[in-house]
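Close look at the chain arrangement
Next come the chains, spelled out residue by residue.
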Amino acid sequence: MKKTIVTFAATAVLSSTYASAAAASSHKVESGDSLWNIARKYNTSVSNLKSLNNLKSDMIFPNQVLKVNAKASTTPSKPSAPAPAPAPAPSSPAKTYTVKSGDTLIAIANRHSISLGELQKWNGISSHLIYPGQKLSVSSGGSGSSSPAPAPSKPAPAPGNSATGSYKVVSGDTLSHISLRYSMSVSELKKLNGLSGNMIYVGQTLKVNGGSSSSPAPAPSKPSPSAPKEDTVTSFDVNRLLSAAKGQIGKPYVWGGSTTAGFDCSGFIYYAFNQAGVSMSRTSSEGYYSRSYYVDKPAIGDIVFFSNTYKKGISHLGIYVGNNQFIHAGDNGVEISSLNNSYWKSKFDSFKRFYSL
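Overview of the structure. (Residues numbered from 1 in each chain as written. Predicted model: local features only at pLDDT ≥ 70, side-chain atom pairs only at ≥ 80, totals over all residues. Heavy atoms only, no water.)

For any two aromatic rings, the description comes down to two numbers: the centre-to-centre distance and the angle of the planes. Evaluated as defined, the whole model comprises 15 aromatic pairs. On the numbers, 5.7 Å between centres and 70 degrees between planes, the contact of Y288 with F354 is edge-to-face. Of this pair, Y288 sits in helix α10 (residues 285-290) while F354 sits in strand β15 (residues 348-354), and the two are 66 residues apart along the sequence. Given the relative accessible area of 0%, Y288 is considered buried. Consider the rings of F306 and F326, whose centres lie 5.0 Å apart with planes at 40 degrees: the pair is tilted. (Phe/Tyr/Trp six-rings, centres within 6.5 Å; stacked < 30°, edge-to-face > 60°. Helix = DSSP H or I, 4+ residues; strand = E, 2+ residues; numbered from the N terminus. Buried < 20%, exposed > 50% of the residue type's maximum accessible area, 1.4 Å probe, protein only.)

See below:
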């Protein structure tokens, strides 16, 4: 992409550039263009551009030809006074991300520090369905404008109205997080809202039992029974899970094993969770990866995933036991290892938590 360097001595050149742009009747979209940039270039508005081209949204694509206003700002008598505002910093091409097995839209949005709504908008996605190998835009192709106002795209979530018993979903929410916030189970939350699956979307209003934990003083009615520690998962018996897992320390590594005679990494997860009362089917590390969602701060009982160990992609997993350690079935059999270990540190992918356990 060409970059035009504007100096104070080149005002006349810049003026003629704007004039020629304004005189054009059409514009061919280039990679990184946005309606905002194009509107600014041709001295028009985004709404005017959309109206002129019958656009229902802000989505445009490279090589698309757009009609623009042919209003040439031919008032060359004032070249020096306006010292045209510095030319907008050229927009950078949109970054892309290739979907991997087990990815979800919200996980991709969190990984790239964008909202779920932005990710869906930039890619023309109205549902939550994605597939491995799909390429997604994970940036807007950014206008280089540094105007201070547009920062509030992440609105400072006002979680909900405990008086009406409703909650508005914001980016990054999951049913598990919302149910913990309102001291209810995931199944109660799903039943209350007629949900058959775990998918929710930004802006969705959910019925809740009321009494958000973010309100300042609602402690009196429920003293302490349901004030779970932040470092443990409360949707199943973590103590039973850890007891079952640690009880197998020293058992040998067996490819495909899921019994006390020996385990592989995914067979160990299957055994430990079922012993903890969680009915779970036997699958691979990638299969468990796709049944879980990302968490920023791991809790005891969460799953630690690793990639590129004996094969490319997600290839190993274990159970987080706290203090930056995890228990797993590795080459040395069932053991507890540290995430500070240079090997595991280099292979670490993410902390995740199973849906609706």
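Let us look at the side chain of Q248. With respect to the secondary-structure elements, Q248 resides in the loop between α8 (238-246) and β8 (258-259). Taking relative accessible area as the criterion, Q248 reaches 7% and is therefore assigned buried. A polar contact of 2.8 Å, which involves the side chain of Q248, links it to the side chain of K251. Setting aside its immediate chain neighbours within four residues, Q248 contacts T260, F263, F268, Y271 and V334. (Polar contact = N/O pair within 3.5 Å; in protein donor to acceptor, adjacent residues only side chain to side chain. Contact = heavy atoms within 4.5 Å.)

All right, on to the pattern of salt bridges then. Here the structure, examined in full by the defined rule, presents three salt bridges. One salt bridge in this structure joins D264 and R282, with 3.0 Å as the shortest N-O distance. Here the residue D264 occupies a position in the loop between β9 (262-263) and α9 (265-275), and R282 occupies one in the loop between α9 and α10, the gap between them amounting to 18 residues. Overall, D264 belongs to the buried group, its relative accessible area being 8%. (Salt bridge = Lys/Arg side-chain N within 4 Å of Asp/Glu carboxyl O.)

Counting 30 residues, the largest nonpolar core has F268, I269, F273, I303 and I319 as the members making the most contacts within it. Elements that contribute at least two residues to this core include exactly α8, α9, α10, β11 (303-307), β12 (314-322) and β13 (325-330). Considering every element that reaches this core, the biggest residue donor is α9, with six residues. Those residues in contact with I319 that sit more than four places away from it in its chain are L241, A245, F268, I269, A272, F273, G301, D302, I303, Q325, F326 and I327. Counting residues in each nonpolar core, the second largest holds 13 residues, with L105, A109, L116 and L119 among its members. (Core = buried A, V, L, I, M, F, W, Y, C linked by side-chain atoms within 4.5 Å.)

Nothing here speaks to function; it is all geometry.
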